[in-house]
Amino acid sequence: MHYLIDGFVFDLDGTIYLGDAALPGAVEGIAELRRRGKRTLFVSNKPLEPRQTYAAKLTKLGIPTNPDEVITSAFVLGHYLAHHEPTLRYYVVGEEKLREDLRSHGLTVLDELGDQDPFEVIAPDGIDAVIVGADRITRDAVFNKIGTYMHAISARHHGIPFYVAAPVSTFDPARSEADVVVEERDRGELARCGDRVLAPDGAAVLNYAFDATPLDLVDAIVTDVGVLRPPYAESFRLIEGKR
């Protein structure tokens, strides 16, 4: 059976380029597809860089690319929220580049609250939704920087939507939270500040690299291939074969 294909979607790192060099045949292959009138789009599993950065890198490697031809999970999240929840004020637990990407969609992104430590509980005044990233997503939990679980609990208590923005490469649906061993960082990071001793040598210190947020506290996961909503046991099937 013959199928007419009008366009192609390519992953970037490891498919089109590796590091700062195009992989063999990538430049020529893309050029030939375009010569035949095929549309090409590029998907990044690193949402912290804006689409302009990826477009500039591809162009420099010999693949002329416009930002509109690049899709990241941050862009998908901004597009989704701009069309479904454009009037909300968002508190973003993430990098400034993610905030800038969301603002580019006309969304209102709040700065860190001046009277609140970011490691303390979110004050709900002026916040309509919370957005976080993810380092790993199992079938029942989101692993992210310490404090994410706390923000999720606070958001649920105050009736504020809690969204996760993450590429499909972070999904590990074959494992559960109990299967993951969370890295413990050096106790000295907490026990000392420069030459100052904050905790005596005999004091026990727990310094985990991540915490785990149960998926039942997550209202939606926005990925580079679409938006996943509860029940996640069903919506996770949408990304099978795309990781």
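Residues numbered from 1 in each chain as written. Predicted model: local features only at pLDDT ≥ 70, side-chain atom pairs only at ≥ 80, totals over all residues. Heavy atoms only, no water.

Student: Sorry, what's going on with the nonpolar core here?
Tutor: A general trend in soluble globular proteins is that nonpolar side chains are found buried together. Counting 25 residues, the largest nonpolar core has Val-130, Ile-137, Val-164 and Ile-221 as its most contacted members. Counting residues per element, the ones that place at least two in this core are strand 6 (89-93), strand 8 (129-132), helix 5 (148-157) and strand 11 (162-165). Excluding anything up to four places from it in sequence, Val-164 contacts Val-132, Gly-133, Ala-134, Ile-137, Val-142, Val-218, Ala-220, Ile-221 and Val-222. Leu-77, Leu-88, Ala-129 and Tyr-163 belong to the second largest nonpolar core, which has 18 residues in total. (Core = buried A, V, L, I, M, F, W, Y, C linked by side-chain atoms within 4.5 Å. Buried < 20%, exposed > 50% of the residue type's maximum accessible area, 1.4 Å probe, protein only. Helix = DSSP H or I, 4+ residues; strand = E, 2+ residues; numbered from the N terminus. Contact = heavy atoms within 4.5 Å.)

Student: What exactly am I supposed to notice about helix 2 (residues 51-60) here?
Tutor: For an α-helix the count is 3.6 residues per turn, leaving residues at separations of three or four pointing the same way. Of all the positions in helix 2, only Arg-51, Tyr-54, Ala-55 and Leu-58 are classed as buried. Around the axis of helix 2, the buried residues are gathered within 100 degrees of arc, so they sit on the same side. Where helix 2 is buried, its residues contact strand 2 (17-18), strand 4 (39-43), strand 5 (70-71) and helix 3 (73-84). Directly beyond the C-terminal end of helix 2, a positive phi value near 105 degrees is found at Gly-62. (Arc of directions from axis to C-beta.)

Student: I would appreciate a short explanation of the sheet that holds strand 8 in the present structure.
Tutor: Sheet strands associate in pairs through backbone hydrogen bonding, adopting either a parallel or an antiparallel arrangement. The strand order 7-6-8-11-16-17 describes an open sheet built from six strands, whose pairing is mixed. The outermost strands of the open sheet, each flanked by one partner alone, are strand 7 (108-110) and strand 17 (226-228). For this sheet the average axis-to-axis angle between neighbouring strands, irrespective of direction, equals 30 degrees. As paired strands, strand 16 (residues 220-223) and strand 17 are joined by three bridges and run antiparallel to one another. In the sheet register, Ile-221 faces strand 17, and the bridge partner there is Leu-228. Running at roughly 155 degrees to strand 7, helix 4 (residues 96-103) makes contact with strand 6, strand 7 and strand 8 of the sheet. (Pairing = 2+ DSSP bridges. Axes fitted to C-alpha atoms, helices over the stretch in contact; angles between N-to-C directions.)

Student: Whenever I open this one, the packing of aromatic side chains confuses me. Can you help?
Tutor: Any two aromatic rings considered together are summarised by their centre-to-centre distance and by the angle between their planes. In total, this model carries four aromatic pairs according to the counting rule given. A ring pair is formed by Phe-171 and Phe-236, whose centres lie 5.2 Å apart and whose planes are at 80 degrees; its orientation type is edge-to-face. With Phe-171 in strand 12 (residues 171-172) and Phe-236 in the segment after helix 7 (232-235), this pair connects stretches of sequence that are 65 residues apart. Take Phe-171: its relative accessible area is 4%, and that puts it in the buried class. Relative accessible area serves as the criterion here: at 7%, Phe-236 is assigned to the buried category. One aromatic cluster is present, formed by Phe-8, Phe-10 and Phe-42 through successive ring pairs. A cation over an aromatic ring shows up here: Arg-51 above the ring of Phe-75, its NZ or CZ 3.8 Å from the ring centre. (Phe/Tyr/Trp six-rings, centres within 6.5 Å; stacked < 30°, edge-to-face > 60°. Lys NZ or Arg CZ within 6 Å of the ring centre and 35° of its normal.)

Student: Just to check I follow, could you spell out the sheet that holds strand 5 for this structure?
Tutor: Read across the open sheet, the three strands follow the order 1-4-5; overall the sheet is parallel. In the strand order of this sheet, the two ends are held by strand 1 (7-11) and strand 5, each with one partner. When strand 4 meets strand 5, the two strands line up parallel, connected through two bridges. Paired with Phe-42 across the two strands is Val-70, which belongs to strand 5.

Student: What exactly am I supposed to notice about the packing of helix 3 against helix 4 here?
Tutor: Put simply, helix 3 and helix 4 touch, their axes get as near as 9 Å, and they point 40 degrees apart. In terms of their interaxial angle, helix 3 and helix 4 are classed as oblique. For the pair helix 3 and helix 4, the sense of crossing is right-handed. In contact with Ala-74, Phe-75, Leu-77 and Gly-78 of helix 3, helix 4 contributes Leu-98, Asp-101 and Leu-102. (Parallel < 35°, antiparallel > 145°, perpendicular 65-115°, else oblique. Left-handed = near helix turned anticlockwise from the far one by under 90°.)

Student: Explanation requested: the pattern of salt bridges in the structure shown.
Tutor: Should their charged atoms come close, side chains of opposite charge can pair. Applying the stated criterion to the full structure yields 12 salt bridges. Lys-97 is paired through a salt bridge with Glu-49; the nearest N and O atoms lie 2.8 Å apart. Here Lys-97 is found in helix 4, whereas its partner Glu-49 is found in the loop between strand 4 and helix 2, with 48 residues between them in sequence. One salt bridge in this structure joins Glu-96 and Arg-103, with 3.2 Å as the shortest N-O distance. Each of Glu-32, Arg-35 and Arg-36 takes part in a single network of salt bridges with overlapping partners. (Salt bridge = Lys/Arg side-chain N within 4 Å of Asp/Glu carboxyl O.)

Nothing here speaks to function; it is all geometry.
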